[in-house]
Amino acid sequence: MLAGLDWSTVATLATAVGTLVLAIATFAAVRSANRAARISEAAYRANLRPVLVTSRLDDPVQKIRWMDNHWARVEGSQASVEVTDENIYLAASLRNVGSGLAVPMGWSVMEGAQNSTVPHRDPEQFRMQTRDLLVAAGDVGFWQAAIRDHGDPDFKWLCRVVSEVQTFTLDLLYGDNEGGQRTITRFGMIPLQVDGNTRWYPSTARHWNLDRPDPR
């Protein structure tokens, strides 16, 4: 029976089978390598990921200065909202509970207490930070901004909200130190009158992921 075999055909089939086995093994190896690369990249990103929340009550007082030499003193877990004849000054004490450096990029304010079901504005509509503010991983830091134009659409209502001691909403846009993993965190800016003075307490409401799937 062996004498009647076409050995060239057998050799061709054996080569084809060997090639198929090699292709399957290569595909499995590439797939495994891609999976390992994705896991490695995800772990790397996790090590860079910042998460900003309200600081703690026992966090240190921070002294914050604006370019026009205006100063504010912000205690732990609090914010500063000041209206002068010319400007509105905003600041908040924050803590980075993530594992990477947080770099604030922009901000947006809305009237009233907007809950987590109200969508944030398009990031392109956020006001960009004019100063680099960095909050180290596991550490306390701050955010600051100012509105200096009386014709600004947010100026009038924000002045009224402050004078009437009402809550408003701050959305803060930030990312990691490579400019990725952009996140928007919503804070309710809640006023409380103590001994005739208004203290502002930011309350973290929600985090939105912009550059990766949102867990919700």
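Residues numbered from 1 in each chain as written. Predicted model: local features only at pLDDT ≥ 70, side-chain atom pairs only at ≥ 80, totals over all residues. Heavy atoms only, no water.

So, on to the overall build of the chain. From N to C terminus, the chain includes 2 helices and 11 strands. In the chain, the order of α-helices and β-strands from amino to carboxyl end is α-β-β-β-β-β-β-β-β-α-β-β-β. Within the chain, contacts between residues at least 6 apart in sequence are counted, and of these 64% link residues at least 24 apart. Accessible area of the chain: about 12300 Å², with a carbon and sulfur share of 56%. (Helix = DSSP H or I, 4+ residues; strand = E, 2+ residues; numbered from the N terminus. Contact = heavy atoms within 4.5 Å. Areas by Shrake-Rupley, 256 points an atom, 1.4 Å probe, with all protein chains shown as cover.)

It is worth spelling out the environment of aspartate 211 at this point. Secondary-structure assignment places aspartate 211 in the segment after β11 (197–209). A sequence separation of 28 residues divides aspartate 211 from threonine 183, and the C-alpha atoms of the two residues are 7.8 Å apart. Residues within four places of aspartate 211 in sequence aside, it is in contact with Gly180, Gln181 and Arg182. A distance of 3.3 Å separates a polar side-chain atom of aspartate 211 from the backbone nitrogen of glutamine 181. (Polar contact = N/O pair within 3.5 Å; in protein donor to acceptor, adjacent residues only side chain to side chain.)

Of note, the phi angle at asparagine 69 is positive, near 70 degrees, even though the residue is not glycine. Positionally, asparagine 69 belongs in the loop between β2 (62–65) and β3 (71–74). A positive phi angle, close to 55 degrees, is found at aspartate 195, a residue other than glycine. Judged by relative accessible area, which is 76%, aspartate 195 ranks as exposed. (Buried < 20%, exposed > 50% of the residue type's maximum accessible area, 1.4 Å probe, protein only.)

On to the side chain of asparagine 96. In this structure, asparagine 96 sits in strand β5 (residues 88–96). Judged by relative accessible area, which is 1%, asparagine 96 ranks as buried. A polar atom in the side chain of asparagine 96 sits 2.9 Å from the backbone nitrogen of glycine 98. Leave out the neighbours within four places in its chain, and asparagine 96 touches Pro50, Val51, Leu52, Leu101, Ala102, Val135, Ala136, Ala137, Gly138 and Asp139.

Right, let's get into the pattern of salt bridges. Two side chains bearing opposite charge may form a pair once their charged atoms approach each other closely. Tallied over the full model, the rule gives 10 salt bridges. The shortest N-O distance in the salt bridge between arginine 73 and glutamate 75 comes to 3.4 Å. Note on glutamate 75: relative accessible area 30%, which makes it partly exposed. Taking the shortest distance from any N to any O, the salt bridge between arginine 160 and glutamate 164 comes out at 3.9 Å. (Salt bridge = Lys/Arg side-chain N within 4 Å of Asp/Glu carboxyl O.)

Attention now goes to the layout of surface pockets. The volume enclosed by the largest pocket comes to roughly 360 Å³. Along its surface, the largest pocket is lined by 14 residues, and Trp66, Thr130, Ala145, Ala146 and Arg148 are the ones closest to its centre. Breaking the lining of the largest pocket down by element, the ones donating at least two residues are β7 (127–128) and β8 (140–147). Considering every element that reaches the lining of the largest pocket, the biggest residue donor is β8, with 4 residues. Residues belonging to the lining of the largest pocket are distributed by class as follows: 7 nonpolar, 3 polar and 4 charged. Estimated volume of the second largest pocket: approximately 240 Å³. Surrounding the second largest pocket, 13 residues form its lining, Arg73, Gln78, Ala79, Thr198 and Arg199 being those nearest its centre. Taken together, the residues of the lining of the second largest pocket break down into 5 nonpolar, 4 polar and 4 charged. (1 Å grid on protein atoms, 1.4 Å probe; cavity = no way out; pocket = protein on both sides within 12 Å on 5 of 7 lines; lining within 4 Å. Points joined across faces, edges and corners; volume = space filled by probe spheres on them. Nonpolar A, V, L, I, M, F, W, Y, C, P; charged D, E, K, R; others polar.)

So, about the nonpolar core. Of all hydrophobic cores here, the largest spans 35 residues; its most connected members are Leu90, Trp107, Trp143, Phe168 and Leu172. Breaking this core down by element, the ones donating at least two residues are β3, β4 (79–83), β5, β6 (103–111), β8, α2 (155–163), β9 (168–175) and β10 (183–194). Setting aside chain neighbours within four positions, we find tryptophan 143 in contact with Leu90, Ala91, Ala92, Leu94, Trp107, Gln129, Leu133, Leu170 and Leu172. (Core = buried A, V, L, I, M, F, W, Y, C linked by side-chain atoms within 4.5 Å.)

Burial within β5 is extensive, with 9 of its 9 residues counted as buried. The two faces of β5 match: Ile88, Leu90, Ala92, Leu94 and Asn96 on one face and Tyr89, Ala91, Ser93 and Arg95 on the other face are all buried. Two strands pair when backbone bridges link them, and strand β1 (residues 52–54) and β5 are joined in this way by 3 bridges, in the antiparallel orientation. Paired with valine 53 across the two strands is arginine 95, which belongs to β5. As paired strands, β4 and β5 are joined by 5 bridges and run antiparallel to one another. The residue of β5 that forms the bridge with valine 83 is isoleucine 88. Taken together, β4 and the strand that follows it, β5, pair antiparallel across an intervening segment of 4 residues. Across 8 bridges, β5 lies against β8 in antiparallel orientation. Within β8, the position partnered with leucine 90 by the bridge is alanine 145. (Pairing = 2+ DSSP bridges.)

As far as function goes, none of this settles anything; it's purely spatial.
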